[in-house]
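Tertiary structure, described
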Amino acid sequence: MYFESLAAAWHMEGHGGYVWLAYALTATALVLMVWLPLARHRRHLRWIAADQRRQVADSP
Amino acid sequence: MLSADRPHLSLLAAFGRQFRRHGQALMASLAEVANPLLFFFMVVTLFPLGLGPDPTQLAAMAPGVLWVVALLASLMVSARMFASDFEDGSLEQMALAAHPLAVLALGEVVAHWLATGFLLALVSPLFALMLGLPSQGLGVLVVSLLLGTLCLTLIGAVGSALTVSIRRGGLLLSLLIIPLNVPVLIFGTAAVTEAVRGGDPSTWLALMGALAAGMLALVPLAVGAALRISLDS
Amino acid sequence: MQRMWTFIHKLGSPPWFFAFSGTLVRWLLPVTVLLLALGACWGLLVAPPDFRQGNSYRIIYIHVPAAVVALAGYYVMAIAGAISLIWRIKMADVAMRAAAPVGAVLTGIALVTGAIWGKPTWGAWWVWDARITSMLILFFLYLGVVALFEAYENKAAAAKACAVLTLVGTVNIPIIYKSVDWWYSLHQPASLKFTGESAIDASMLYPLLVMIAAFYLLFAVSVLLYMRAELVWQHRNASWLRQRLGTS
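As a starting point, this report considers the structure included with it.

Criteria and cut-off values
- Residues numbered from 1 in each chain as written.
- Chains lettered and ligands numbered in written order.
- Predicted model: local features only at pLDDT ≥ 70, side-chain atom pairs only at ≥ 80, totals over all residues.
- Heavy atoms only, no water.
- Helix = DSSP H or I, 4+ residues; strand = E, 2+ residues; numbered from the N terminus.
- Rg over C-alpha atoms; globule rule 2.2 N^0.38 Å.
- Buried < 20%, exposed > 50% of the residue type's maximum accessible area, 1.4 Å probe, protein only.
- Areas by Shrake-Rupley, 256 points an atom, 1.4 Å probe, with all protein chains shown as cover.
- Contact = heavy atoms within 4.5 Å.
- Patch = residues over 30% accessible without salt bridge, like charges linked within 9 Å, V, L, I, M, F, W, Y side chains within 5 Å.
- Salt bridge = Lys/Arg side-chain N within 4 Å of Asp/Glu carboxyl O.
- Buried area = accessible area lost by both parts, 1.4 Å probe.
- Polar contact = N/O pair within 3.5 Å; in protein donor to acceptor, adjacent residues only side chain to side chain.

1. What about the overall build of chain B?
Secondary structure summary: chain B contains 9 helices and 0 strands in total. Traced from its N-terminal end to its C-terminal end, chain B shows the element sequence α-α-α-α-α-α-α-α-α. Whereas a compact globule of 233 residues would reach a radius of gyration of roughly 17 Å, chain B reaches 18 Å, a difference of no more than 12%. Dimensions of chain B, computed from C-alpha atoms along their principal axes, come out at roughly 60 × 35 × 30 Å. Counting every position in chain B, which comprises 233 residues, the buried fraction comes to 53%. By element, 70% of the accessible surface of chain B is carried by carbon and sulfur atoms, the whole surface being about 9900 Å².

Have a look at this one:
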């Protein structure tokens, strides 16, 4: 651990704002990179499930 | 009309036929030829209006301005390169012909370049003088534009072939080909700037020549493939 | 050799790929998250500060991995495009289509973190530095592929058109990078010379390597997830998929 306290790590001798902003934006983008395809996958699965229900309902 | 009924036609003759046909179509409408030149003229007029009439400032920016405007003019005319052939069905005829589509497309591209980029390079000294480009840069400007517009037209042909079947493909076309045009712009501006400074621009012109030669060899293949994709879609 | 070919043929079969990629992602995702957390903590809290730039250099641990993987991603896309054009393997189409948005996001990360890093280093949010400019052009190249794919109604033709475009782009990328380098050295103002990364100390290098590995894995995971989502949609009426979904 280079920093002596969490407050020092947060401040980073005046550069903290830039560093943490960059990491926060990157983290958001990385989460989206995983979450968006998963959401798409789930949407497609829901469509298939609904389609199967429709077919069951249509058949006598 | 094309060579399907005349398989004995040599490759060169097929190329020439396509070249003449496209060239005649272009020459038939004066507007198609005059438009890019007029566009060039008008955008060059905008720069002094936007930047102020100070001759030293204008002269300093002239190489970059002239090259950027040439790039935009070439972009503007690229959009229509294969459009009329696509609409009237002659592109399908070309694809069915006995000769490789790449060679036939190259004929069209060269005709297109002669009617646009070539003319633009020839008249460019006029606009360069209006912006106060020092006279030692004029010759290099013409040579760099001759080679450069050939590159721009070839890249434009790929973009045009990829987007010809898409409605409202114009904006998309600029997104596709502007990044690919970056080296041409850099080499061209550097050559003219070097000449204005009194240096030797031949390195930059040689690079541009190499680029043009490489593209002449490879780009027609991409254009041919892209045209077939557009026809299938 | 024989084994490898069977493996490649299996990759081209949607049901097999669906099962295989599911297992793969289940293993890769935790490893990626672990590496990302490790690399970020190491780079942010443990590594010593740069003697010239102080703590702002810590942005390197996300900026450089994003840039490296973004560039590599374009080549992945081009290889997938070539495979799809030459052997007409549908899975390659899907891979190429999946890699484009992921690569664009990574390029965006590299640009934004570069801008944030530039403010304390150069005193400006944006500087027309050779690398930043090249990254910007790469960003446009990615956007072009995404936009071209979306513009075509016929998605099979869209994939082929994107393959041609990425191949043209791949041939051009080295020329673009080199020309931007020359352009920059022609105009380089002395005050902007940036010598931070000439020799990097091991204590700074290891977290960087961890992060680069993590970003590569994340790229792979994201592309695989996109491919799976796309596969489900393409085979939404296929019986193999419905059977698999019904039992699970």
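2. Some words on the overall build of chain C
The secondary structure content of chain C amounts to 8 helices and 0 strands. Its helices and strands taken in sequence order, chain C reads α-α-α-α-α-α-α-α from the N to the C terminus. With the C-alpha coordinates aligned to their principal axes, the bounding extent of chain C is approximately 65 × 40 × 35 Å. The burial tally for chain C puts 52% of its 248 residues in the buried class. Relative to all contacts within chain C whose residues are 6 or more apart in sequence, the contacts with residues 24 or more apart total 78%. Element-wise, carbon and sulfur atoms account for 69% of the exposed surface of chain C, whose accessible area totals about 11400 Å².

3. What to know about a nonpolar patch on the surface
Residue and element names in this part refer to chain C. On the surface, Met1, Met4, Trp5, Phe7 and Ile8 cluster together into a nonpolar patch covering about 520 Å² of accessible area. As for its position among the elements, Met4 is in helix 1 (residues 2-11). Met4 gets classed as partly exposed once you look at its relative accessible area, which sits at 43%.

4. Some details on the side chain of C:Ser84
Position of C:Ser84 among the secondary structure elements: in helix 3 (residues 60-86). In this view, C:Ser84 contacts C:Ile89, C:Ala92, C:Asp93 and C:Ala163; residues no more than four positions away in its chain are not counted.

5. A closer look at the environment of B:Thr56
All names here are of chain B. Mapped onto the secondary structure, Thr56 falls in helix 3 (residues 55-78). Given a relative accessible area of 57%, Thr56 falls into the exposed group. For the pair Thr56 and Val192, spaced 136 residues apart in the sequence, the C-alpha separation amounts to 16 Å.

6. Some details on the interface of chain B and chain C
Listed per partner, the contact involves 25 residues of chain B and 25 residues of chain C. For the pairing of chain B and chain C, the buried interface totals around 2200 Å² over both sides, and the portion due to carbon and sulfur atoms is 85%. Looking only at chain B, the three residues that lose the most surface to chain C are B:Leu162, B:Leu180 and B:Ile229, adding up to 24% of its buried area. Our count for the chain B to chain C interface comes out at 0 salt bridges. One can count 1 residue pair in polar contact (both at pLDDT 80 or more) joining chain B with chain C. If you list the elements that add at least two residues to the side of chain B that touches chain C, you get helix 7 (138-163), helix 8 (170-197) and helix 9 (202-232) of chain B. Looking at the side of chain B that touches chain C, the element that brings in the most residues is helix 8 of chain B, giving 10 residues.

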